[in-house]
Amino acid sequence: VIPASTSSHLRLGEGAEFDAIRSMLGEWGSRAAGIGDDGALLDVPAGERLVVSTDASIENVHFRREWLSAQQIGARAAAAALSDLAAMAATPLGLLLALGVPPDWQAELTELARGVGVAAERAGCAIVGGNIARSSALSLTFTVLGSTSQALHRAGAKAGDIVYVTGRLGGAGAALASLLAGRVPRPAHMERFVAPVPRLAESRWLVEHGVHAGIDLSDGLLADLGHLARASGVSVEIDLDRLPLVDDVDAAAAAVSGEEYELVVAAPRAARLRPEEFAKRFDLSLTEIGVVRDALDSPVIVVGARVDPARGHDHFS
Ligand SMILES: [Mg+2]
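Since we're looking at a predicted model, the values are computed, not measured.

Visitor: Before we go on, may I ask you to explain the sheet that holds strand β2 (residues 91–101) in this structure?
Guide: Taken together, four strands build an open sheet; the order of strands is β1-β4-β2-β3 and the sheet is mixed. Of all the strands in the sheet, just β1 (49–58) and β3 (127–134) have a single pairing partner and so form its edges. Going from strand to strand, the sheet's axes swing by 15° on average, the running direction of each strand aside. As paired strands, β2 and β3 are joined by seven bridges and run parallel to one another. In the strand pairing of β3, L96 is matched with G129. Its contacts with the sheet place helix α3 (residues 70–87) against β1, β2 and β4 (139–148), and it is angled at close to 35° to β4. With respect to the sheet, helix α4 (residues 109–123) is in contact with β2, β3 and β4, its orientation differing from that of β2 by roughly 165°.

Shown next, in the form of structure tokens:
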């Protein structure tokens, strides 16, 4: 826990370390009210199971300093970690943050903490502990804790299921491609890259309405559907012509756009998911993009949009 365990690790100078920690706790306010002992005590609601996941965000691996403000880095890393609770249909109980801080980032700690606090607030998640250590690159390692009585798994998709995806895809990948090429991303793309939203309430709604397999999109639709298909022992056929796209992104690019943090799920046809009801409730699209088939040679089969007119060749040949 932050106040007790950091003094030997971070050399900020006399008093400065605790000033930094105090400023972080100040940013978090009542969200971090439970911090103070050597460990956090949490109640799991009766009848629910604990869900735990961990996720690291490392400078020059997951982001570059010049792309994002410190606040954005904190918020984005926390959202990415919380998305794994959404993938499990869990309700957040708390998060812990282990920070590795190089000397030239020490002045940014408050801003990093502010971003983490914003993401935690938005997800309704308490901050229950953490640690700060000196490090050669900035790293934020989150452990997220949640609970559920009805977990969503990658395994469970069955032949005949309908496959749906939340939101519109492609923005995060398009922004990243622009940043890597030294161009300024379009604002709508950058928004998707900078401020992903873990689909926590959406995930619980989907499970309550009959979804029985799912995953969050961190590696890209095709890769993550591959994980789901292999875990379920099925093949998934998706129609690129049906992909919901952000503006100015083609379907082939959207299908491999990573760090979207949307959900892709499978539900029996009989569940009759109602995208219009979902959209009204969450102000977010839910789009049917394919079907589950018995296992074939390939876990993911792509149909539609085979020729990308903009580039003039088949991306999936
Ligand atoms: Mg995940």
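Visitor: Just to check I follow, could you spell out the sheet that holds strand β6 (residues 213–216) for this structure?
Guide: Strands in a sheet are paired, the pairing made by backbone hydrogen bonds, and the direction either parallel or antiparallel. A sheet is described by the order of its strands in space; here six strands give the open sequence β6-β8-β5-β9-β7-β10, paired in mixed fashion. Since the sheet does not close on itself, it has two edges, and those belong to β6 and β10 (300–303), each with one partner. Adjacent strand axes in the sheet meet at a mean angle of 25° when their direction is disregarded. Of the strands in this sheet, β6 and β8 (263–267) touch α3, which is tilted by about 175° from β6. Strands β5 (162–166), β6, β7 (234–239), β8, β9 (286–294) and β10 of the sheet are contacted by helix α8 (residues 221–232), whose axis makes an angle of about 150° with β7.

Visitor: Could you clarify how one ought to interpret a nonpolar patch on the surface in this entry?
Guide: A cluster of nonpolar residues, V44, L50 and V52, forms a patch on the protein surface that exposes about 240 Å² of accessible area. Here L50 lies in strand β1.

Visitor: Help me out: how do you make sense of the coordination of the magnesium ion in this one?
Guide: Metal coordination angles in their ideal form are 109.5 degrees for the four-donor tetrahedron and 90 or 180 degrees for the six-donor octahedron. Within the protein, the atoms that donate to the magnesium ion are D84 (OD) and D216 (OD), at distances of 2.2 Å. One end of the pair, D84, is in helix α3; the other, D216, is in strand β6, with 132 residues separating them in the sequence. Assessed through its relative accessible area of 23%, D84 is described here as partly exposed. Using a relative accessible area of 2% as the deciding quantity, one classes D216 as buried.

Visitor: In this structure, what is going on with the packing of aromatic side chains? I would like to understand it.
Guide: The description of an aromatic ring pair rests on the distance of the ring centres and on the angle between the ring planes. Applying the stated criterion across every chain yields a total of four aromatic pairs. When the ring of F278 is compared with that of F282, the centres are 4.9 Å apart and the planes differ by 55°; the resulting orientation is tilted. With a gap of four residues between them, F278 and F282 both fall in helix α10 (residues 275–282), about one helical turn apart. For F278, a relative accessible area of 0% puts it in the buried group. We classify F282 as buried; its relative accessible area is 17%.

Visitor: Can you help me understand the packing of helix α5 (residues 171–180) against helix α6 (residues 187–194) in this one?
Guide: How two helices pack is summed up by the angle between their axes together with the distance between the axes. Direction vectors running N to C along α5 and α6 enclose 105°, while the axes themselves pass 7 Å from each other. Relative to α6, the element α5 is oriented roughly perpendicular. Between α5, through G171, A172, A174, A175, L176 and L179, and α6, the contact on the second element is made entirely by H189, M190, R192 and F193. Partitioning the contact of α5 with α6 into residue classes produces seven nonpolar, two polar and one charged.

Visitor: I would appreciate a short explanation of the pattern of salt bridges in the present structure.
Guide: Side chains bearing opposite charge may pair, as long as their charged atoms lie close to each other. On inspection of all chains with the given rule, the structure shows 15 salt bridges. Between E121 and R31 there is a salt bridge; the shortest N-O distance is 3.1 Å. Here E121 is found in helix α4, whereas its partner R31 is found in the loop between α2 (16–28) and β1, with 90 residues between them in sequence. Among the salt bridges present, the one from E288 reaches R242, with a minimum N-O distance of 3.9 Å. With a gap of 46 residues between them, E288 in strand β9 and R242 in the loop between β7 and α9 (251–254) connect regions that are remote in the sequence. Assessed through its relative accessible area of 42%, R242 is described here as partly exposed. What you see here is one network of salt bridges that share partners, running through R192, R199, E260 and E262.

Visitor: Where do I start with the confidence of the model for the chain in this structure?
Guide: Detail in the predicted coordinates should be disregarded across regions flagged by low pLDDT. Per-residue pLDDT for the chain has a mean of 91; in total, 91% of the residues score no lower than 70. Taken as a whole, residues 1–12 scores under 50 in pLDDT and shows 38 contacts with residues more than four places along the chain or in a different chain.

Visitor: How should the environment of V234 be read in this particular structure?
Guide: Position of V234 relative to the elements: it lies in strand β7. A residue is classified by how much of its surface remains accessible, and V234, at 9% relative accessible area, is buried. Spatially, the C-alpha atoms of V234 and D297 are 10.0 Å apart, while their sequence positions differ by 63 residues. Not counting the four nearest positions on each side in its chain, V234 is found in contact with A157, K158, A159, A229, V292, R293, A295 and P299.

Analysis parameters
Per chain, residue numbering runs from 1 following the sequence as it is written. It should be noted that, the model being predicted, local features are given only for residues of pLDDT at least 70 and side-chain atom pairs only at 80 or more, the latter also being counted only at that level, while totals for whole chains, interfaces and linings use all residues. Where side-chain values are given, they derive from all heavy atoms of the structure, hydrogens and water being excluded. Whether two strands pair depends on DSSP finding at least two bridges between them. Counting from the N terminus, the helices are the DSSP runs of H or I reaching at least four residues and the strands are the DSSP runs of E reaching at least two. Here an angle of 0 to 180 degrees is reported between the N-to-C directions of two axes, which are lines fitted to C-alpha atoms, with helices fitted over the stretch in contact. Residue contacts follow a heavy-atom distance rule, with two residues in contact if any of their heavy atoms lie within 4.5 Å. What goes into a patch is any residue over 30% in relative accessible area without a salt bridge, connected to like charges within 9 Å or, for nonpolar side chains (Val, Leu, Ile, Met, Phe, Trp, Tyr), within 5 Å. In short, Shrake-Rupley with a 1.4 Å probe defines the accessible areas, and a residue's cover is counted only from the protein chains shown. One speaks of a salt bridge when a side-chain nitrogen belonging to Lys or Arg is within 4 Å of a carboxyl oxygen belonging to Asp or Glu. Sites may look incomplete because water is not among the atoms; the donors themselves are N, O and S atoms within 2.8 Å of the metal, or within 3.2 Å for Na, K and Ca. Exposure categories follow from relative accessible area, calculated using a 1.4 Å probe and restricted to protein chains: below 20% of the type maximum is buried, above 50% is exposed, and the middle band is partly exposed. The rule is short: rings of Phe, Tyr and Trp, with Trp giving its six-membered ring, pair when the centres are within 6.5 Å, and they are stacked under 30 degrees, edge-to-face over 60, tilted in between. Here the word oblique covers every angle except those under 35 degrees (roughly parallel), over 145 (roughly antiparallel) and from 65 to 115 (roughly perpendicular). Under the convention adopted here, Pro, Cys and the residues Ala, Val, Leu, Ile, Met, Phe, Trp and Tyr are nonpolar, Asp, Glu, Lys and Arg are charged, and Gly plus all remaining residues are polar. For every residue, the predictor states its confidence as a pLDDT score lying anywhere from 0 to 100.

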